[in-house]
Amino acid sequence: MRYFLDTEFNGFCGPLISLALVPEEADAAPFYAALECARPTEWVTAHVLPVLGTDPISRDELGRSLARYLGDDPDPLLVADWPEDIAHASMALIAAPGRRHNIDRIRFELCDAFGFDSNLLSAVPHNAYHDAVALRAHLLARENR
């Protein structure tokens with residue numbers, strides 16, 4: 001199944017703050033988790049943290065939860081519109097040096113989301129879950145044209 005991916009992170013190429021996956025099937029449960037943000041940038045303090053909407057968990061718990069969430073899908077495809085989203089999702093699956101969280105396989109797709117602007121289309125801009133919902137709606141609408 002396809003999952004639409006969005007993340008929030010602390011500045012350009014900064015540490016992960018939150019990660020969301022919204023399945024293509026509207027009735028399937030989404031995934032959303034956040035990490036503690038040490039030393040947030042001014043922009044993150046003003047725009048991301050106020051709309052986080054969940055309590056932070058540990059990096060290990062995020063990785064284990066993400067692997068469990070995707071574990072029953074034999075061929076998950078994570079679709080993102082920004083390379084850092086893919087990088088953060090990949091890094092979340094690293095458990096320790098030389099170890100990853102238990103997931104059989106995963107694929108990633110970086111799409112050209114021409115015309116997508118989460119500031120305009122997301123119900124709660126800069127919240128990874130709502131931005132992923134908006135990305136799903138935008139891409140599915142484009143595919144159905």
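Position numbers for residues count from 1 along each chain, tracking the sequence in the order it is written. Reporting in this predicted model follows two pLDDT cut-offs: at least 70 for local features of residues, and 80 or more for side-chain atom pairs to be given and counted; totals over whole chains, interfaces and linings ignore these cut-offs and use all residues. Note: side-chain values were computed over all heavy atoms of the structure, leaving out hydrogens and water.

A separate point is the overall build of the protein chain. Working definition: helices are DSSP H or I runs of at least four residues, strands are E runs of at least two. Numbering for both runs from the N terminus. When its secondary structure is counted, the protein chain shows 5 helices and 7 strands. Computed over the C-alpha atoms, the radius of gyration of the protein chain is 15 Å, within 12% of the 15 Å expected from 2.2 N^0.38 for a compact globule of 145 residues. Dimensions of the protein chain along its principal axes, counting C-alpha atoms only, are 45 × 40 × 25 Å. Accessibility here uses a 1.4 Å probe with only protein chains present; expressed as a share of the type maximum, an area under 20% marks a residue as buried, one over 50% as exposed, and anything in between as partly exposed. A total of 145 residues make up the protein chain; the buried ones form 43% of that total. Put simply, 63% of the contacts in the protein chain that link residues at least 6 apart link residues at least 24 apart. Per-residue and other accessible areas were derived by the Shrake-Rupley procedure at a 1.4 Å probe size, with only the shown protein chains allowed to occlude residues. On the protein chain, roughly 7,900 Å² of surface is accessible, and the fraction owed to carbon and sulfur atoms is 54%. Put simply, the radius of gyration uses C-alpha atoms, and a globule should come to 2.2 Å times the residue count raised to 0.38. Should any heavy atoms of two residues lie within 4.5 Å, those residues are counted as being in contact.

Strand pairing requires that DSSP identify at least two bridges connecting the strands. Pairing in this open sheet of 5 strands is mixed, and the strands run 3-2-1-4-7 from one edge to the other. With partners counted over all chains shown, the strands left at the sheet margins are strand 3 (31-34) and strand 7 (107-110), one partner each. Looking at each pair of strands side by side, their axes are set apart by 25° on average, direction ignored. Where strand 4 (residues 77-80) meets strand 7, 4 bridges bridge the pair, whose relative direction is parallel. Following the sheet pairing, leucine 77 is matched in strand 7 by arginine 107. Relative to strand 1 (residues 2-9), helix 5 (residues 128-143) is tilted by about 140°, and along the sheet it contacts strand 1, strand 2 (16-23), strand 3 and strand 4. Every axis corresponds to a line fitted to the C-alpha atoms, with the helix fit spanning only the stretch in contact, and the corresponding angles, defined between N-to-C directions, vary from 0 to 180 degrees.

Quick look at helix 2 (residues 59-70) now. Helical geometry note: an α-helix holds 3.6 residues per turn, so side chains three or four residues apart project in the same direction. Here a helix's expected span is defined as the number of its residues, less one, multiplied by 1.5 Å. Across its 12 residues, helix 2 extends 17 Å between first and last C-alpha, which sits within 8% of the 16 Å expected from 1.5 Å per residue. Considered for burial, the residues of helix 2 that qualify are Leu62, Gly63, Ser65, Leu66, Ala67 and Leu70. In the core, the buried residues of helix 2 are packed alongside strand 1, strand 2, strand 3, strand 4 and helix 3 (83-92).

The next subject is the nonpolar core. Throughout this description, the term nonpolar core refers to a set of buried Ala, Val, Leu, Ile, Met, Phe, Trp, Tyr and Cys residues connected via side-chain atoms within 4.5 Å. Leu5, Leu19, Leu21, Leu66, Leu70 and Leu78 are the most contacted members of the largest nonpolar core, which totals 19 residues. Elements with a contribution of two residues or more to this core: strand 1, strand 2, strand 3, helix 2, strand 4 and helix 3. Broken down by element, this core gets its largest block of residues, 4 residues, from helix 2. Not counting chain neighbours up to four residues away, the residues in contact with leucine 70 comprise Tyr3, Leu21, Pro76, Leu78, Ile103 and Ile106. With 10 residues, the next largest nonpolar core counts Phe4, Cys111, Ala113 and Ala134 among its residues.

The next thing to look at is the environment of alanine 29. Mapping alanine 29 onto the fold places it in the loop between strand 2 and strand 3. Spatially, the C-alpha atoms of alanine 29 and tyrosine 69 are 9.2 Å apart, while their sequence positions differ by 40 residues.

Moving on: helix 3. Listing the buried residues of helix 3 in full gives Glu84, Asp85, Ile86, His88, Ala89 and Ala92. Summarising the contacts, the buried residues of helix 3 are in contact with strand 1, strand 2, helix 2, strand 4, strand 5 (94-96) and strand 7.

Attention shifts here to the pairing of strand 4. Side chains Leu77 and Val79 project from strand 4 onto one buried face, and the interleaved Leu78 and Ala80 project onto a second face that is buried too. Bridging between strand 1 and strand 4 involves 3 bridges; their strand directions are parallel. Within the sheet, the bridge partner assigned to tyrosine 3 lies in strand 4 and is leucine 78.

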